[in-house]
Structures are given as structure tokens and as C-alpha cells.
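Geometric and topological summary
If you want the building blocks of each chain, they are given just below.
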Amino acid sequence: MPHVRSRNDSENSRRSAQPFPHIICPACGNQDFFHYLDTEDFSITRQKFSLQECQHCRTLATSPQPDQSIMHHYYQSEKYISHTNKSDSRLLSLIYRIARKTSTKGKRKLIEKYSSGKTILDLGCGTGHFLTEMKKAGWQVYGVEPADIARQQAETQLKQPLFKSLQEANGLMLSAVSMWHVLEHIHHPDKVLKQCYQLLQKKGLLVVAVPNYRSFDAGRYKNYWAGYDVPRHLWHFNKESMYMLMHRQGFCIKKILPMKLDSYYVSLLSEHYKHPTNSAAIKYWHAFIAGLKSNLKARKTGQYSSLIYIATKNDETTAK
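Because the structure is predicted, anything quoted here is derived from the model rather than measured. (Residues numbered from 1 in each chain as written. Predicted model: local features only at pLDDT ≥ 70, side-chain atom pairs only at ≥ 80, totals over all residues. Heavy atoms only, no water.)

Brief notes about the overall build of the protein
Helix and strand counts for the protein come out as eight helices and eleven strands. If you take every contact in the protein between residues at least 6 apart in sequence, the share linking residues at least 24 apart comes to 70%. (Helix = DSSP H or I, 4+ residues; strand = E, 2+ residues; numbered from the N terminus. Contact = heavy atoms within 4.5 Å.)

Side note on the pairing of strand β3 (residues 48-54)
Counting buried residues along β3, six of its seven residues qualify, which places the element largely inside the surrounding structure. Here seven bridges tie strand β2 (residues 33-40) to β3, and the two strands are oriented antiparallel to one another. Opposite Leu37, over in β3, you have Leu51 as the bridge partner. Alignment of β3 against strand β4 (residues 60-63), held across four bridges, turns out to be antiparallel. The residue bridging Leu51 from the neighbouring strand is Thr62, located in β4. Turn length for the β3-β4 hairpin, with the two strands adjacent in sequence and antiparallel, is five residues, and the turn residue Arg58 shows positive phi of about 70°. (Buried < 20%, exposed > 50% of the residue type's maximum accessible area, 1.4 Å probe, protein only. Pairing = 2+ DSSP bridges.)

Side note on the nonpolar core
Counting 65 residues, the largest nonpolar core has Leu121, Met179, Leu183, Leu206 and Met246 as the members making the most contacts within it. With five residues, helix α4 (residues 189-199) is the single largest residue contributor to this core. When near neighbours in sequence (up to four residues on either side) are disregarded, Met246 contacts Leu193, Leu206, Val208, Phe251, Ile253, Tyr309 and Ala311. One finds Ile111, Leu131, Leu162 and Leu205 within the second-largest nonpolar core, a separate group that totals 21 residues. (Core = buried A, V, L, I, M, F, W, Y, C linked by side-chain atoms within 4.5 Å.)

Observations regarding the confidence of the model for the protein
If pLDDT is low for a region, its predicted coordinates should not be looked at in detail. Summarising the model, the protein shows a mean pLDDT of 88, and 84% of its residues fall at 70 or more. Contacts from residues 1-17, a stretch scored under 50 in pLDDT, to residues over four places away or in other chains number 36 contacts. Long-range and interchain partners of residues 83-89, a stretch whose pLDDT sits below 50, account for 20 contacts in this model, where long-range means more than four residues apart. (pLDDT = per-residue confidence, 0-100.)

Here we look at the pattern of salt bridges
Applying the stated criterion across every chain, the model contains ten salt bridges. A salt bridge links Glu40 to Arg46; the shortest N-O distance between them is 2.8 Å. In this structure Glu40 comes out as buried when scored by relative accessible area, which is 12%. Between Lys48 and Glu40 there is a salt bridge, with its nearest N and O atoms 2.9 Å apart. Here the salt bridges share partners, and the residues they tie into one network are Glu40, Arg46 and Lys48. (Salt bridge = Lys/Arg side-chain N within 4 Å of Asp/Glu carboxyl O.)

Overview of the sheet that holds strand β5 (residues 119-123)
On the basis of which strands lie adjacent, the open sheet formed by six strands has the order β6-β5-β7-β8-β11-β10 and mixed pairing. Edge positions in the sheet fall to β6 (140-144) and β10 (251-258), since each of these pairs with one other strand and no more. Each adjacent strand pair in this sheet contributes to an overall mean axis angle of 20°, direction not counted. As judged from the six bridges shared by strand β7 (residues 174-180) and strand β8 (residues 200-211), these two strands associate in the parallel manner. Within β8, the residue paired with Met179 across the bridge is Val208. Against the sheet, α4 engages β5, β7, β8, β10 and β11 (306-313), with an angle of about 145° to β8. (Axes fitted to C-alpha atoms, helices over the stretch in contact; angles between N-to-C directions.)

As for the pairing of β7
Where burial is concerned, most of β7 is hidden: seven out of the seven residues are buried. In this structure, β5 lies alongside β7, joined through three bridges in parallel fashion. Residue pairing in the sheet places Ile120 in a bridge with Ala176 of β7. Note that the unit made of β7, α4 and β8 has a crossover that is right-handed. (Right-handed = clockwise from strand over helix to strand, strands pointing away.)

Digging into unusual backbone geometry
For the bond from Ser63 to Pro64, the omega torsion is -5°, close enough to zero to count as cis. Locating Pro64 in the fold gives a position in the loop between β4 and α1 (91-114). Note the cis peptide between Val230 and Pro231, where omega equals -5°. Inspection of the secondary structure assignment puts Pro231 in the loop between α5 (216-221) and β9 (235-236). Its identity is not glycine, yet Lys159 carries a phi of approximately 60°, on the positive side. With respect to the secondary-structure elements, Lys159 resides in the loop between α3 (148-158) and β7. With relative accessibility at 72%, the residue Lys159 sits in the exposed group. For Asp229, which is not a glycine, the phi torsion comes out positive at approximately 40°. Here Asp229 shows up in the loop between α5 and β9.

What to know about helix α8 (residues 280-301)
Compared with the 32 Å implied by 1.5 Å per residue over 22 residues, the 31 Å span of α8 between its first and last C-alpha is a close match. Turning to α8, its buried residues number three or more, namely Lys283, Ala287, Ala290, Gly291, Ser294, Asn295 and Ala298. Taken down its axis, α8 places every buried residue within 130° of arc, on the same side. Along α8, exposed side chains directed more than 90 degrees from the buried face belong to Ala281, Trp285, Arg299 and Lys300. Those residues of α8 hidden inside the fold are in contact with α5 and α7 (260-274). (Expected span 1.5 Å × (residues − 1). Arc of directions from axis to C-beta.)

As C-alpha cells, this is what we get:
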């Protein structure tokens, strides 16, 4: 397991001296959190939030975390593109859709490379583009999407019913479960991973993609970094904490892969947040440079803007 820094390292100088109570880290179980930075919901509400850092595994927690009963309010906007199929002439939306179309094929090939079967559940499937790609390739597909409008659009596209919650999938035996930028949205990711463990066949495949706040673009944009996306992103992971989180729930990470396009898209959103009055040309140029630098630096460090964790069910480890 990767080395976890001690709480005496030099980064403590930029943290608050007072711990924040009532946060339990889903990766390591620690409750010792300190202030990391202040940010806000730039995309929808402009509400202020802070990030608190676990002193053991360095997972970041959004604070305060809205209750599950009101979280849907933070997704009710046409700006939240992954939950809508509505046509939009904005260049930013167009770029997202082009990237989504390209990435779905790459995701399918990745799953097919590592999976021993052809049954998959996509948790947080949104409007169903990835599952559509998998179904066309002959896979038996299942999806979970709590957002009603997005789920209905996915059901229309797939021509089959989908689940509103993961509990509805109990009893399935799957060869693969995928979460594409979903785990960070979940209030209790440890419990959800335990449920995934129960749904997977022996040596079943788990694929999880999450933002990486240790990337160059995260450091460049700081509190304006779009990868934080508070409060929709409740948790912010790094490699160390993902190893802990996966291992504690019975999974073994086999490989970590980059999502290189994310650095450009996230940098572009970050430019909009940080420099809203700049011209579009300047924003796009600065975002391109930031994304390029992030990927070039990550070739040495491995700290890409988003990372894909390829894990298998480890039957020698008992999920806790």
C-alpha cells in the first residue's frame, strides 16, 4: 500500500489548528479532520463550503454535506450536463458532448479488456450513453440512476427499465460494476462499495473513475478548481485513500489509468469560475495550456486530473 504521510508533515502549516468534529472518513475510519481550503458552488447556487482533510489518509470532505433528502436541489440545472440530453449551442456543452461520445467507446474497450464476463451494472448511469454503448456491443446491462429525469431519458434510450437505487439490484450476479465520476457524489462510499462486492461474481471487476485533487490543474486553480464541484462532490480522494477504501471493502486495485481529456475540460470550467470576465478565446487558450501542463507533469508523477481504478473482487479479503 502506498505510503501515507504523517500528520507532522510540512503541509500542516496551512491548516486550521482546530479539528472539525462529526466527520468520519469513509476510506480509513479516522475522525481527525482539519481545515484544507474554502470554496463555493460556482456552477449553480454560489453557496459557500469548505474542504476538511483527513489527517491519516488525506481524503478531503466537503463541509457541510447537504442531507440526502435535499441533494437533488444541487443537480436541478441545465448547467449540469450529465443529467440532461437537451440541445445547447454553447461551445462548452458541445465540447462535453464530443468528449462523451469519444470516451464511451474507450470505456467499453477498457471494460472488455479486463472483464471475464458480459454483464455490467453502471452506478450513476445518468442519461445512459455508456450503457447504450455496452448494450450495442452485446452486453447485458443494468443501470442505477436516482435522478428521475435522467433515468427516464436513459430508459427511453435503452428501451428497458433501470433501478432508482442500488438496493433494487440485490440478487444480481455481475461480471462488472462501473462508476464513472460517481463515487465522489455518494454520502457513504464505503457502504456502496460493500454492496458492489456482494453483487459481483468471484474475481468480478470494479471500475471507478474519480477526480484527483493532487493533480497539477487542481494546484493551479485551488479553490476555483472545477474538480471539487461542491457540494455535489462530497468526498475528494487521492491514490492513498483509494487504496485504503477499496481494500477495506474487499477489493484489490490492479491498475490505475488516466483520463487525459478531463484535465482540459476541468481546466476550462475552472477558467470560467476564476476569470468570468475574460474573453472566451483567452479562457480556452489558458485552459488548453493548463490541461496540457497537467498531463505532461503527470507523465512523471502519475497525478492526472482524473484517475480510473481497475479493481477485482479479492475473495481472500473479507469486506468490513
